[in-house]
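Letter by letter, the chains look like this.
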Amino acid sequence: MKKTTWIVKAYTGYKTGWQEIKRFDNPADADNWLCRYVRENGYSITDFNIVRK
């Protein structure tokens with residue numbers, strides 16, 4: 001069975017689109033990291049996404 005990877009992506013603009021920031025082995029780690037990252041840096045959560053690959 002193929003291993004699932006969870007990727008945090010950020011929307012960096014119209015021309016560059018979605019850029020990968022970090023990869024995780026499970027969705028909880030990805031979500032926890034992203035929430036902390038957004039909170040600590042004052043970003044908007046709407047500029048980020050977690051995708052499964």
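These lines cover the structure that appears in this document, whether it is placed above or below.

Calculation rules
- Residues numbered from 1 in each chain as written.
- Predicted model: local features only at pLDDT ≥ 70, side-chain atom pairs only at ≥ 80, totals over all residues.
- Heavy atoms only, no water.
- Pairing = 2+ DSSP bridges.
- Helix = DSSP H or I, 4+ residues; strand = E, 2+ residues; numbered from the N terminus.
- Axes fitted to C-alpha atoms, helices over the stretch in contact; angles between N-to-C directions.
- Core = buried A, V, L, I, M, F, W, Y, C linked by side-chain atoms within 4.5 Å.
- Buried < 20%, exposed > 50% of the residue type's maximum accessible area, 1.4 Å probe, protein only.
- Contact = heavy atoms within 4.5 Å.
- Patch = residues over 30% accessible without salt bridge, like charges linked within 9 Å, V, L, I, M, F, W, Y side chains within 5 Å.
- Areas by Shrake-Rupley, 256 points an atom, 1.4 Å probe, with all protein chains shown as cover.
- Salt bridge = Lys/Arg side-chain N within 4 Å of Asp/Glu carboxyl O.

Moving on, we get to the sheet that holds strand β2 (residues 18-24). A sheet is described by the order of its strands in space; here 3 strands give the open sequence β2-β1-β3, paired in antiparallel fashion. Either end of the sheet is taken by a strand with one partner, and the two such strands are β2 and β3 (48-52). Across this sheet, the average inter-strand angle for adjacent strands is 30°, counted without regard to direction. Two strands pair when backbone bridges link them, and strand β1 (residues 6-11) and β3 are joined in this way by 5 bridges, in the antiparallel orientation. Within the sheet, the bridge partner assigned to tryptophan 6 lies in β3 and is arginine 52.

Our focus in this paragraph is the nonpolar core. Formed by Trp6, Val8, Ala10, Phe24, Ala30, Trp33, Leu34, Val38 and Phe48, the largest nonpolar core amounts to 9 residues. Considering each element in turn, this core owes the most residues, 4 residues, to helix α1 (residues 27-41). Excluding residues within four positions of it along the chain, leucine 34 makes contact with Val8, Ile45, Phe48 and Ile50.

Checked against the element boundaries, tyrosine 43 lands in the loop between α1 and β3. A sequence separation of 28 residues divides tyrosine 43 from lysine 15, and the C-alpha atoms of the two residues are 20 Å apart.

On to a nonpolar patch on the surface, then. On the surface, Tyr11, Tyr14 and Trp18 cluster together into a nonpolar patch covering about 410 Å² of accessible area. Note that tyrosine 11 resides in strand β1.

Now for the pairing of β1. Within a regular beta strand, the side chains point alternately toward one face of the sheet and then the other, so they alternate between its two faces. Pairing between β1 and β2: 6 bridges, direction antiparallel. Note on β2: the bridge partner recorded for lysine 9 is glutamate 20. What sits between the antiparallel neighbours β1 and β2 is a turn of 6 residues, in which glycine 13 has the positive phi angle 135°.

So yeah, pure geometry; function would need other evidence.
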